Structure formats: structure tokens, C-alpha cells
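Tertiary structure, described
Chain residues, written in single-letter form:
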Amino acid sequence: MNAPNRETIGQYEIVEQIGVGGMATVYKGYHERLDRYVAIKVMHQSFLADDSFRARFSREAKIVARLEHSNIVPVYDYDEVNGQPYLIMKHIDGRTLKDVMREKMLTLDEIRALIPQIADSLTYAHSMGVLHRDVKPSNILIDERNQPYLTDFGLARITQQGESSMSADMMLGTPHYISPEQAQGLPDIDARADVYSLGIILYELVTGQVPFTGDTAFAIVHKHIYAAPPPASELNPEVPSAVEAVLTQALSKTPAERYDTPNTMMQAFEVAVNTSGLKALDDERASVAQ
């Protein structure tokens, strides 16, 4: 949907486009009577003829609307206009973690403050039977008070029902952060896929680089499935062995060998930081890693 000046969607005036994803475009909207800004997620026109995508979009509204956590972007409403579905969500005035990382690497204290909150939101979602399936820095918003929010449960599925969101030949996730089981298109994905993806983010924050890179998405995905991640201390020599062990376990190829919840992973990380005496990380570690 194009959104020229003063176009409206339902009761909301479109202010600006703020994001585009593989499935939908997100606009900033304004509700005059409530004097409230919102985020409006509108499904792409190209998917409207596909009933399976329409069903996923509708399901996303129902799934996320029942998630109530201080670090998950809440959904306010779901509707359609001219047959085009859209979600109304809380507008977070801030930046994505990806944008922040482009400017500077987080300090160790910032990592210890932000990532456990995201881990807790994921652990909560898992307890409600919901997987995220696309955990990555661009899906983590940080507001002006430095509170992080997990957004875009567009790839979520209800684990308790064991539903398959898409056919196995359509891989879900993002190459740099995708779990090996998602990369292989396996049907029985559980919460430990999100543990892996959050583990990749933690690895990147600690070392300054994601463990797997390549010239093509296929090359990166192939490494997730078959290659061992470089030991964190190879990319960042100041990483203690205890912290490296946590990252290695989080990125195990075998789900059963990973941490069972994101909270458990972050608790282990905190213990490793404390016992190893790690106090800070080099601000230039991204350059060192490369």
C-alpha cells in the first residue's frame, strides 16, 4: 500500500513509512481523537492472493495480542481496509539494535542490561507456546530510555499445536542469525532455535562479528548447518574461556546441547562474566575481529 501525505488507514492518519519487511510495510500513524502515535503494519499486496500468507498475518495478530510483557511490542488492533489486512501496534520512539551497533559496539554493562530483558521476553513467549523464529538485531527496538523491545513475531507459530507456518522448502529466518534446524527446513522447531539466534547476537556483541559470513546467503546457511563457529577468543582475545564456553554451548548444532531457555543462557553468561573477572570489552573489537 502506498501512503501519500494525509492518507488514512482506518482511524489513523499516515505520518511516514518507517520500515519494510519481507511480508509487510510499517508506517507511523496518528490517532487524532486519542492523540496517540502508533505503528501500522500492512501486508504487501503481492501476498493478498495467497491464502496461507493471509492466514499467517491474521494469526500473528491473535498470537501477539495475547503476549503481555514489558519488552514485547504490544498489538492494539487488527483490521482490514479494502481487503488488505493491517496490525496496529505500539509505536516505539527509538532505534533498532542493528542501527545502534552500526554506530558503536555496546559496552559490557550495556550488554548485561539489555540482552537479559530480550531473553526474558523470549522465555515468556515460549512459556505461552509462541516461537519468534526471526530473532535478530533489526527486530530489537531500543527506546529513548534504553528499554529494549522485541518486535515482529511475523514468523511465529504456536508450538503447542505444532503448526507449520510455511512449507519446508521455504526457509524462515535470516541467514546470519538462523538456527541450523531452520536452515535445514526441519519441521520440529522448538524454543532452542530462538536460543541459538539470541546466542548469535550475544556472540556478535561480545566479539564484534557474527560467527558465520559469506558472499551469498547459501554460503552462510551452509556454515550454520555444517561449520563450527570460530572460538570467540579467536575474534576477540580478551574473551575469557568461561564466557567462550557459554557462547559455544548456545551455538551448538544440536538443540539438545544448547541452553533450554534464553534466560538460562543469560544467567550462565552473567555467571561466566563474574567468575572470570571480565570488566569491559574493547570498543574497537569489531575492527579487531575483521
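Structure report, in brief. Residue positions are given per chain, counting from 1 as you read along its sequence in written order. Confidence filtering applies because this is a predicted model: local features only for residues at pLDDT of at least 70, side-chain atom pairs given and counted only at 80 or more, and all residues used for totals across whole chains, interfaces and linings. Only heavy atoms go into the side-chain values, all of them from the structure, while hydrogens and water stay out.

What follows covers helix 5 (residues 192-207). Counting from the N terminus, the helices are the DSSP runs of H or I reaching at least four residues and the strands are the DSSP runs of E reaching at least two. Each helix should span, by expectation, one fewer than its residue count multiplied by 1.5 Å. Across its 16 residues, helix 5 extends 22 Å between first and last C-alpha, which sits within 8% of the 22 Å expected from 1.5 Å per residue. A simple rule labels every residue: compare its accessible area, found with a 1.4 Å probe on the protein chains alone, to the largest value its type can have, and call it buried under 20%, exposed over 50%, or partly exposed in between. Of all 16 residues making up helix 5, 15 are buried, and the element is well covered by its neighbours. Of the residues flanking the end of helix 5, it is Gly 208, one or two places downstream, whose phi is positive at about 95 degrees.

So, on to the packing of helix 8 (residues 241-250) against helix 9 (residues 262-276). Geometry is summarised by axes, namely lines fitted to C-alpha atoms with helices restricted to the contacting stretch, and by angles between N-to-C directions that run from 0 to 180 degrees. Following both chains from N to C, one finds helix 8 and helix 9 inclined at 165 degrees, their axes separated by 8 Å at the closest point. As the angle between them shows, helix 8 and helix 9 are arranged roughly antiparallel. Between helix 8 and helix 9 the crossing geometry is right-handed. When helix 8 is examined against helix 9, the residues Ala 242, Val 243, Val 246 and Ala 250 are found in contact with a partner set consisting of Met 265, Ala 268, Phe 269, Ala 272, Val 273, Thr 275 and Ser 276. In the scheme used here, Gly and all other residues not listed as nonpolar or charged are polar, with Ala, Val, Leu, Ile, Met, Phe, Trp, Tyr, Cys and Pro taken as nonpolar and Asp, Glu, Lys and Arg as charged. Looking at the contact of helix 8 with helix 9 residue by residue, the class counts come to 9 nonpolar, 2 polar and no charged. When an angle is under 35 degrees it counts as roughly parallel; over 145 it counts as roughly antiparallel; between 65 and 115 it counts as roughly perpendicular; any other value is oblique. Here is the rule for handedness: rotate from the far helix to the near one, and if that takes an anticlockwise turn smaller than a right angle the crossing is left-handed, while a clockwise turn gives right-handed. What makes two residues a contact is simply this: any of their non-hydrogen atoms within 4.5 Å.

A sheet is described by the order of its strands in space; here 6 strands give the open sequence 1-2-3-4-6-5, paired in antiparallel fashion. A single partner strand is all that each edge strand has here, and the edge strands are strand 1 (8-9) and strand 5 (75-81). Strand pairing is assigned whenever DSSP identifies at least 2 bridges connecting the two strands. Here strand 4 (residues 36-43) runs beside strand 6 (residues 84-90); their pairing, made up of 5 bridges, is antiparallel. Looking across to strand 6, one finds that Ile 40 is bridged to Ile 88.

A cluster of acidic residues, Glu 238, Asp 282, Asp 283 and Glu 284, forms a negative patch on the protein surface. Position of Asp 282 relative to the elements: it lies in the loop between helix 9 and helix 10 (285-289). Each patch is built from salt-bridge-free residues with over 30% relative accessible area, joining like charges within 9 Å and nonpolar side chains (Val, Leu, Ile, Met, Phe, Trp, Tyr) within 5 Å. Here the open area of atoms and residues is found with the Shrake-Rupley method and a 1.4 Å probe, where only the protein chains shown may cover a residue. One side-chain nitrogen of Lys or Arg within 4 Å of one carboxyl oxygen of Asp or Glu is enough to make a salt bridge. His is not counted here, nor are the chain ends, while Lys and Arg score as positive and Asp and Glu score as negative. Where a charge sits is defined by one atom per residue type, namely NZ (Lys), CZ (Arg), CG (Asp) or CD (Glu).

A separate point is the pattern of salt bridges. It is possible for side chains bearing opposite charge to pair when their charged atoms get close. Tallying each qualifying case throughout the model produces 9 salt bridges. The salt bridge involving Lys 104 is made with Glu 110; its shortest N-O contact spans 3.2 Å.

Quick look at the environment of Thr 261 now. Relative to the assigned elements, Thr 261 resides in the loop between helix 8 and helix 9. Spatially, the C-alpha atom of Thr 261 lies 9.0 Å from that of Asp 120, the residues being 141 residues apart in sequence. Apart from the residues within four sequence positions on either side, Thr 261 is in contact with Thr 123 and Val 195. Here the side chain of Thr 261 touches Thr 264 through a polar contact of 2.7 Å, side chain to side chain. Polar contacts here mean pairs of N or O atoms no more than 3.5 Å apart (in protein, one a potential hydrogen donor and the other a potential acceptor; neighbouring residues in sequence count only if both atoms are side-chain atoms).

Here we take up the side chain of Asn 139. Along the chain, the position of Asn 139 falls in the loop between strand 8 (130-131) and strand 9 (140-143). Polar contacts involving the side chain of Asn 139 include one to the main-chain carbonyl oxygen of Asp 134, which spans 2.9 Å. Not counting residues within four places of it along the chain, the set of residues in contact with Asn 139 comprises His 132, Asp 134, Tyr 149, Leu 150, Thr 151 and Asp 152.

The pairing of strand 1 with strand 2 (residues 12-20) spans 2 bridges and is classified as antiparallel. When the sheet's bridge partners are listed, Thr 8 is paired in strand 2 with Glu 13. What sits between strand 1 and strand 2 in their antiparallel hairpin is a turn of 2 residues, with Gly 10 showing a positive phi close to 60 degrees. One ladder, built from 6 bridges, connects strand 2 with strand 3 (residues 24-31); its direction is antiparallel.

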